[in-house]
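Close look at the chain arrangement
Next come the chains, spelled out residue by residue.
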Amino acid sequence: MSNKILLILFSCLFVIGCSKDVTNTNDPSLEVVVPKITTAIISEITEITANAGGNITDDGGSRVTSRGVCWSTSSNPTLNDEKTSDGTGTGNFTSSLIGLTKNTTYYLKAFATNSKGTAYGNEVLFTTEGTDELTYEGNLHLKTQQEVDEFGSQGYSIINGSLRIGGDLNSTGDYPPTDITNLNSLNTLTSVVSLSIEGNINLTDIHGLDNLTTISGGGISIFYNGLVNLSGLNKITHVEGHMRIVSNDNLESIDGFNELASIGTPDPGGATIPGQLQISNNKSLIGVNGFLKLTSINADFILTGNTSLTTVDFMSNLESVGRTFKIAANPAIIGISGMDRLSSVGQSIEIYSNNALTDISGLNGLISLNSNLEIWDNSALMNIDGFGALAVIISSLRIHDNASITDLDGFGTLTRIDRNLQIHGNAKLTEISGFPNLTALGTDLEIRDNPVLANIDGFIGLVTIGNDLKITNNDQLTNIDGLNSVTSIGHNLYVAFNAILTDVSGLNALTSIGFSWTFEFNGQLIHLNGLSNVATVGANLAIIHNQALTDLCGIRLLLINGYTGAYNVTDNAYFPTRQDIIDGNCSL
């Protein structure tokens, strides 16, 4: 009996004890609220670190799932600012702050989060340590390791002028070698007007410049050094002038500049402070992994003469280039594939003499081009499929002397070219099928010296040609049916030296030619029936040296309408007079 009584008493005590630990969420009569928290006093403040924390005295009826501190240089910090994560639950906790900036005032609050929301403690202020920044006034040229170290020992943060590290060019245009091997003593520098590192063949890295954040008025020049990588410039966010990385023979990778967002600055008045990015003649360069945040280059992008570079897949966030975009004479590059966000180029795009290039698909974000697009002398390039969004070219499109291209099918969205379209000297080009939406050319369409070109069916939407249509020296071209929507040619029509062209019916919609019409040396051309709707020619008609041409009835309407300009019809299989054709004697 006594054992039963003891068991009952123990069970009651157990239930009573457990009921004290049941959270308020099991009692519907108690509402869950945000936790109660206070912010601890800041301690152990240095130039870049500090300790903080908080105390959670009440969980608000729901378990605390996240706690820490948040801080900002502005009042009332929140979780959207910098913050720590310091566990869960109630009670005291500590937080370690790192990556702070010296001589800076911060606002800080502790926080705690439960199912109801986030509560913040009281706001506290603290200022990191650090002496006032030392500024060097004027330009500075450091020529030896001793000069580098002596200047570095003085602790300057700012150079209000240019910083030049290296020797002087001699009379033969060379840099005598310096004894500079490291820049470690310059690690207090945060800002210079411009930076030049030139002619230091014993310098292999630039890690002493790790804290440099600002190039305030000039540019960066890195020429003729022994550098292997450029990973020491990762804090620079903006370069006001040019950035040129040229002729560093040992440079294998460019891994730095990962905080750099822009090069050059547009002026509200329309001018541009020069901002060129040039990477040239670095013969050992095999990879460019930097520039991850770069969005704008306000002048030129130039990538030339890097003999070991195989891919252009960097600058994935680049959106605009203010002037010229040039990739040239890089013999090992096989692909341009990393710039899909590039939508605007202020002047021209030039891609040439990249002998291993097979792929330029990385420019599919480009919408408009304010000057020329020129692609030439890329001997391995078989197709051009990287311009799938391009709608307008303000100047000219030139595709020439690419030895392996077989088809031009990559311009399906292009509607307008304000000047010339030139396609010539492409030894394996067999067809042009890629311009179905092109409706207008401002000046010339020139298709010449493509020895195996068989058709030009890709111009089915083209209506007007502002100046000249020239089709010459295409040895395998048999017809020009792809031009059957063209109604007017502003100046000259010139069709010549197309060895097996037999039919020009593709011009059957053409009604007017502004100045001259010339057909010559088309050895198998038999008739001109496709030109029977031409009613006006400005001044000159020449149909000569077409050895198989027997039917000229296609020009009868023109003559009946009173054409009075020059008439030169000779040395064809049949060459009737003007009156013969008017009278109906226009064919054999």
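Above: the structure in question.
The structure contained in this document is the topic of the report that follows. None of the values given here were measured: they were computed from a predicted structure.

When its secondary structure is counted, the protein shows 4 helices and 49 strands. Going through the 588 residues of the protein one by one, you find that 47% of them count as buried. Accessible area of the protein: about 24,700 Å², with a carbon and sulfur share of 50%. If you average the places of the 26 positive and of the 57 negative side-chain charges in the protein, the two averages end up 8 Å apart.

Attention now moves to the nonpolar core. Counting residues in each nonpolar core, the largest one holds 124 residues, and the members touching the most others are Phe291 and Phe459. The element contributing the most residues to this core is strand β11 (residues 156–166), with 4 residues. Val64, Val69, Phe93 and Val124 belong to the second-largest nonpolar core, a separate cluster that totals 18 residues.

A separate point is the pattern of salt bridges. Under the criterion given, the structure shown has 10 salt bridges. A salt bridge links Asp449 to Arg448; the nearest nitrogen and oxygen atoms lie 2.8 Å apart. Given a relative accessible area of 32%, Asp449 falls into the partly exposed group. The shortest N-O distance in the salt bridge between Asp468 and Lys470 comes to 3.9 Å. The class for Asp468 is buried, based on a relative accessible area of 6%. Its relative accessible area of 27% is what places Lys470 among the partly exposed residues.

Along a regular strand, successive side chains alternate from one face of the sheet to the other. Taken together, the 4 bridges between strand β24 (residues 301–304) and strand β27 (residues 325–328) define a ladder with parallel strand orientation. The residue bridging Leu303 from the neighbouring strand is Ile327, located in β27. Of the pairings in the sheet, the one linking β27 to strand β30 (residues 349–352) comprises 4 bridges and is parallel in character. Across the sheet, the residue bridging to Ile327 is Ile351, located in β30.

What follows deals with the state of the cysteines. This structure, assessed with the given rule, holds 1 disulfide. The partner cysteine of Cys553 in its disulfide is Cys586, sulfur to sulfur 1.9 Å. An S-S torsion of about 80° defines the bridge between Cys553 and Cys586 as right-handed. Taken together, the residues Cys553 in the loop between β48 (540–544) and α3 (556–560) and Cys586 in the segment after α4 (578–582) connect sequence positions 33 residues apart. Residue Cys586 is classed as buried on the basis of its relative accessible area, which comes to 5%.

Take the environment of Thr570 next. Relative to the elements of secondary structure, Thr570 occurs in strand β49 (residues 566–570). Since its relative accessible area comes to 30%, Thr570 is described here as partly exposed. When neighbours within four sequence positions are excluded, Thr570 is seen to be in contact with Ile543, Ile544, His545 and Phe575. Here the side chain of Thr570 touches Asn568 through a polar contact of 3.4 Å, side chain to side chain.

With that settled, the discussion passes to helix α2 (residues 145–152). Given 3.6 residues per turn, any residue in an α-helix points the same way as the ones three and four places further on. Taken together, the buried positions of α2 are Gln145, Val148, Phe151 and Gly152. Each buried residue of α2 sits inside an arc of 135° when the element is viewed along its axis, so together they form one side. Buried residues belonging to α2 abut β9 (134–137), β10 (140–142) and β11.

As a further point, take the sheet that holds strand β1 (residues 36–39). Hydrogen bonds between backbone groups are what pair the strands of a sheet, and the pairing can be parallel or antiparallel. Strands sit in the order β1-β2-β5 across an open sheet of 3 strands; the sheet is antiparallel. The open sheet has two edge strands with one neighbour each: β1 and β5 (91–97). When the angles between neighbouring strand axes are averaged without regard to direction, this sheet yields 25°. Pairing between β1 and strand β2 (residues 50–58): 4 bridges, direction antiparallel.

One can find Asn522 in the loop between β46 (516–520) and β47 (536–537). Under the relative-accessibility criterion, Asn522 is labelled buried at 0%.

On the secondary structure map, Ser191 appears in strand β12 (residues 191–198). Excluding residues that lie within four positions of it along the chain, Ser191 makes contacts with Ser157, Ile158, Ile159, Leu212 and Thr214.

Let's shift gears to the packing of aromatic side chains. All chains considered together, the criterion is met by 15 aromatic pairs. Judged by centre distance (4.9 Å) and plane angle (10°), the rings of Phe497 and Phe521 are stacked. Residue Phe497 is found in the loop between β44 (492–496) and β45 (512–513), and its partner Phe521 is found in the loop between β46 and β47; the two are separated by 24 residues along the sequence. Lys109 extends its terminal NZ or CZ atom over the ring of Tyr120, reaching a point 5.7 Å from the ring centre.

Right, let's get into unusual backbone geometry. Residues other than glycine predominantly adopt negative phi, and peptide bonds predominantly adopt the trans conformation. The backbone of Met315 sits at a positive phi, close to 55°, despite the residue not being glycine. Checked against the element boundaries, Met315 lands in the loop between β25 (311–312) and β26 (320–321). Positioned with a positive phi, His545 is a non-glycine residue whose angle comes to about 60°. Mapped onto the elements, His545 comes out in the loop between β48 and α3.

Parameters at a glance
- Residues numbered from 1 in each chain as written.
- Predicted model: local features only at pLDDT ≥ 70, side-chain atom pairs only at ≥ 80, totals over all residues.
- Heavy atoms only, no water.
- Helix = DSSP H or I, 4+ residues; strand = E, 2+ residues; numbered from the N terminus.
- Buried < 20%, exposed > 50% of the residue type's maximum accessible area, 1.4 Å probe, protein only.
- Areas by Shrake-Rupley, 256 points an atom, 1.4 Å probe, with all protein chains shown as cover.
- Lys, Arg positive; Asp, Glu negative; His and termini not counted.
- Charge placed at Lys NZ, Arg CZ, Asp CG, Glu CD.
- Core = buried A, V, L, I, M, F, W, Y, C linked by side-chain atoms within 4.5 Å.
- Salt bridge = Lys/Arg side-chain N within 4 Å of Asp/Glu carboxyl O.
- Pairing = 2+ DSSP bridges.
- Disulfide = S-S within 2.5 Å.
- Contact = heavy atoms within 4.5 Å.
- Polar contact = N/O pair within 3.5 Å; in protein donor to acceptor, adjacent residues only side chain to side chain.
- Arc of directions from axis to C-beta.
- Axes fitted to C-alpha atoms, helices over the stretch in contact; angles between N-to-C directions.
- Phe/Tyr/Trp six-rings, centres within 6.5 Å; stacked < 30°, edge-to-face > 60°.
- Lys NZ or Arg CZ within 6 Å of the ring centre and 35° of its normal.

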